[in-house]
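Topology and contacts: notes
What follows is each chain in one-letter form.
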Amino acid sequence: MIEKTYGYATYHQDRDSFVVEDAGWEDDCPVIEYRFVYFIDPNTCRKLGGIDKRYLEYGYLVNDIYVFKTYRSKPKFQADIKMMMANALQRSQATGRDYFLCVLDLVKLRAVRSKREYPYILDYDELFDIGPLDAYHWRVHE
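Thresholds, definitions, all that
- Residues numbered from 1 in each chain as written.
- Predicted model: local features only at pLDDT ≥ 70, side-chain atom pairs only at ≥ 80, totals over all residues.
- Heavy atoms only, no water.
- Helix = DSSP H or I, 4+ residues; strand = E, 2+ residues; numbered from the N terminus.
- Polar contact = N/O pair within 3.5 Å; in protein donor to acceptor, adjacent residues only side chain to side chain.
- Buried < 20%, exposed > 50% of the residue type's maximum accessible area, 1.4 Å probe, protein only.
- Contact = heavy atoms within 4.5 Å.

So, on to the environment of Glu21. Relative to the assigned elements, Glu21 resides in the loop between β3 (17-20) and β4 (25-26). Each C-alpha atom of the pair Glu21 and Tyr8 lies 7.3 Å from the other, and the pair is 13 residues apart in sequence. At 2.5 Å, the side chain of Glu21 and the side chain of His12 are in polar contact.

Dropping the structure here:
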């Protein structure tokens, strides 16, 4: 019998990130993890917010950052993320949708409003296709 299973990213307060538990852990590090990051682009000196997808590949940590908005300061970024996560949690509870996908909906909205033309943040498939198969791809078990 063929069975489809999904793993999901769940929020880990201690790590301040979303972790895909079903992907496993290696040396106290999740195999797949998503976290918000604030950084200054060394080329343009712009202050940016993004989602950093980190994953272990052959024992090495790899990360891909998906920028979604420019911020005036780190405190503005932190306040926006706090508000976004609270709104996503409310949406998730009200609709029964996955919390992380609700967060990503709000991230995409910010990317659109910031006129970011990054196709990978506006299309879920790219975010979830890079690296190992993760939370939002189904796996077939026989």
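Next comes the rest of the account.
Looking now at the side chain of Ser17. Mapped onto the fold, Ser17 is located in strand β3. Residue Ser17 is classed as buried on the basis of its relative accessible area, which comes to 1%. Among the polar contacts listed, one links the side chain of Ser17 to the side chain of Glu33, at a separation of 2.5 Å. Those residues within four positions of Ser17 in sequence are excluded, and the remaining contacts are Thr10, Tyr11, His12, Glu33, Tyr34 and Arg35.

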